[in-house]
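# A look at the structure
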Amino acid sequence: MKYVCDVCGWVYDEELGAPELGIAPGTKFEELSEDFLCHLCSVGKEYFRKEEE
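Analysis parameters
Residues numbered from 1 in each chain as written. Predicted model: local features only at pLDDT ≥ 70, side-chain atom pairs only at ≥ 80, totals over all residues. Heavy atoms only, no water. Pairing = 2+ DSSP bridges. Helix = DSSP H or I, 4+ residues; strand = E, 2+ residues; numbered from the N terminus. Phe/Tyr/Trp six-rings, centres within 6.5 Å; stacked < 30°, edge-to-face > 60°. Buried < 20%, exposed > 50% of the residue type's maximum accessible area, 1.4 Å probe, protein only. Core = buried A, V, L, I, M, F, W, Y, C linked by side-chain atoms within 4.5 Å. Contact = heavy atoms within 4.5 Å.

Sheet analysis places strand β1 (residues 2–5) next to strand β2 (residues 11–13), joined by 3 bridges and oriented antiparallel. If you follow Tyr3 over to β2, its bridge partner there is Tyr12. Taken together, β1 and the strand that follows it, β2, pair antiparallel across an intervening segment of 5 residues, in which Gly9 is found at a positive phi of about 90 degrees. When β1 meets strand β3 (residues 48–50), the two strands line up antiparallel, connected through 3 bridges.

What follows covers the packing of aromatic side chains. What describes a pair of aromatic rings is the distance from one ring centre to the other and the angle between the planes of the rings. Applying the stated criterion across every chain, the model contains 9 aromatic pairs. Note on Tyr3 and Phe29: the rings are 4.2 Å apart at their centroids and 10 degrees apart in plane angle, and the pair reads as stacked. Taken together, the positions of Tyr3 in strand β1 and Phe29 in the loop between β2 and β3 put the pair 26 residues apart, joining distant regions of the chain. Each member of the pair Tyr3 and Phe29 is classed as buried. When the ring of Phe29 is compared with that of Phe48, the centres are 5.5 Å apart and the planes differ by 45 degrees; the resulting orientation is tilted. Taken together, the positions of Phe29 in the loop between β2 and β3 and Phe48 in strand β3 put the pair 19 residues apart, joining distant regions of the chain.

Moving on, we get to the nonpolar core. Listed in full, the 12 residues of the largest apolar core are Tyr3, Cys5, Trp10, Tyr12, Ala18, Ile23, Phe29, Leu32, Phe36, Cys38, Val43 and Phe48. Each residue touching Val43, except ones within four places of it in the same chain, is listed here: Cys5, Val7, Phe36, Leu37, Cys38 and Phe48.

These figures come from the coordinates and say nothing about function on their own.
Right, dumping it as structure tokens:
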């Protein structure tokens, strides 16, 4: 599953994780800490939505 930041468009892909942020491949979006911030614009998880396939 992929999640897109509504503010800047950055995509979190659960399959790839975010190694540059120390997040291992396969990490579910729900498993990210509550204080997770967008890699590009620093908004919280509430600004992300599931990407429709």
